[in-house]
Amino acid sequence: MPGTDARFSVARGLFNGQTGDYQFDLYQAYLQAFLPKLGPKGTAVKVGKFQTHIGYELVQAVDTPFVSKAYLFQYNPFTHTGIWATTQLDDHWSVGNGFATGADTFFDQASRLTYLGQLKWVSDEAKTTGLLNVMVTNPKYDTAEAFAFYNTYNAQLVHNFTDKFTYVLDATYSHMNNFPGVGFSDWYGAANYFIYKLTDTVTTTLRAEVFEDSEGVRTGFPGLYTEVTAGVAWAPVPAVIVRPSVRYDNNSTSPAFEGKNDMWSAAFELIFRW
């Protein structure tokens, strides 16, 4: 949909020639089929442009806890174009394999064969879920196309302590070679999510994150970022979500926030679903 944030997630080679604040992003467009005889319990296959399997947060407002995003989300893949197959091995284990044109690339000169992988485990009664995700390619910056190709390794743990309290750990390491003026660069971190459902209509979420941008190639300012966000989501009816939140950011090494080392911000989000 058109919006002020579409310019951040648009893929190279698909509507990326737009200008201005309000742009259009065809976030997902794929065909999907289920092959019941491929694998012990069948395989689901996607072909087209689809959201990444890496990381806990997603682009869609209803599928992510805050209107503000974690550093891990902002500086790692949003979408892939290619093929993705998920095979259910048994009641607990599944594997995902696929190939894509890269991270946030459609069919473009800035495309490179990229492997996508996932190993997922779900406990009895689905109280605990663990995931290992990878995106692997030739992690060499494309100087001619001014485009970043990198490898990403992600681990997630989701545990439901009770029907009301859920904890999530999301950790990612990414690296790239041949970045102009730097050479090798990496960025990594972990985000913790504490989600508590007060009532059937009110949920509170606390996100506490650390993110290291060693050479500053992703954020523009090197150093260790610390970010804490707290918010409330109120859904008086299923079609409406009201989400106020407050956030604190800090970089002890660099003045990354308009010449300062830290910043406070607040947000108010109103979501209508149809």
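Note that the structure is a prediction, hence the values are computed from the model and not measured.

**Regarding the pattern of salt bridges**
- In this structure the tally under the stated criterion is eight salt bridges.
- Between aspartate 25 and lysine 49 there is a salt bridge; the shortest N-O distance is 3.9 Å. Of this pair, aspartate 25 sits in the loop between helix H1 (6-9) and strand E1 (29-35) while lysine 49 is found in strand E2 (residues 43-51), placing the two residues 24 residues apart along the sequence. The same class applies to aspartate 25 and to lysine 49, which are both buried.

**Some points on a nonpolar patch on the surface**
- A cluster of nonpolar side chains, Leu89, Trp93, Leu119, Trp121 and Leu132, forms an exposed patch at the surface whose accessible area comes to about 430 Å².
- Mapping leucine 119 onto the fold places it in strand E5 (residues 114-122).
- Look at leucine 119 and you get partly exposed, because its relative accessible area is 34%.

**What to know about empty space enclosed by the protein**
- Tallied over the full model, the rule gives two cavities of 30 Å³ or more.
- Considered as a void within the structure, the largest cavity measures approximately 110 Å³ in volume.
- Taken together, Thr52, Ile54, Gly55, Tyr56, Glu57, Leu72, Phe73, Asn76, Pro77, Asp170, Thr172 and Tyr193 form the lining of the largest cavity.
- When contributions to the lining of the largest cavity are tallied by element, the ones reaching two or more residues are helix H2 (71-74) and strand E8 (165-179).
- Residues of the lining of the largest cavity, tallied by class, amount to six nonpolar, four polar and two charged.
- By volume, the second largest cavity is sized at about 30 Å³.
- In this structure, the second largest cavity is lined by Gly102, Ala103, Thr114, Met135, Thr137, Ala148, Phe149 and Tyr150.

What counts, and at which threshold
- Residues numbered from 1 in each chain as written.
- Predicted model: local features only at pLDDT ≥ 70, side-chain atom pairs only at ≥ 80, totals over all residues.
- Heavy atoms only, no water.
- Salt bridge = Lys/Arg side-chain N within 4 Å of Asp/Glu carboxyl O.
- Helix = DSSP H or I, 4+ residues; strand = E, 2+ residues; numbered from the N terminus.
- Buried < 20%, exposed > 50% of the residue type's maximum accessible area, 1.4 Å probe, protein only.
- Patch = residues over 30% accessible without salt bridge, like charges linked within 9 Å, V, L, I, M, F, W, Y side chains within 5 Å.
- Areas by Shrake-Rupley, 256 points an atom, 1.4 Å probe, with all protein chains shown as cover.
- 1 Å grid on protein atoms, 1.4 Å probe; cavity = no way out; pocket = protein on both sides within 12 Å on 5 of 7 lines; lining within 4 Å.
- Points joined across faces, edges and corners; volume = space filled by probe spheres on them.
- Nonpolar A, V, L, I, M, F, W, Y, C, P; charged D, E, K, R; others polar.

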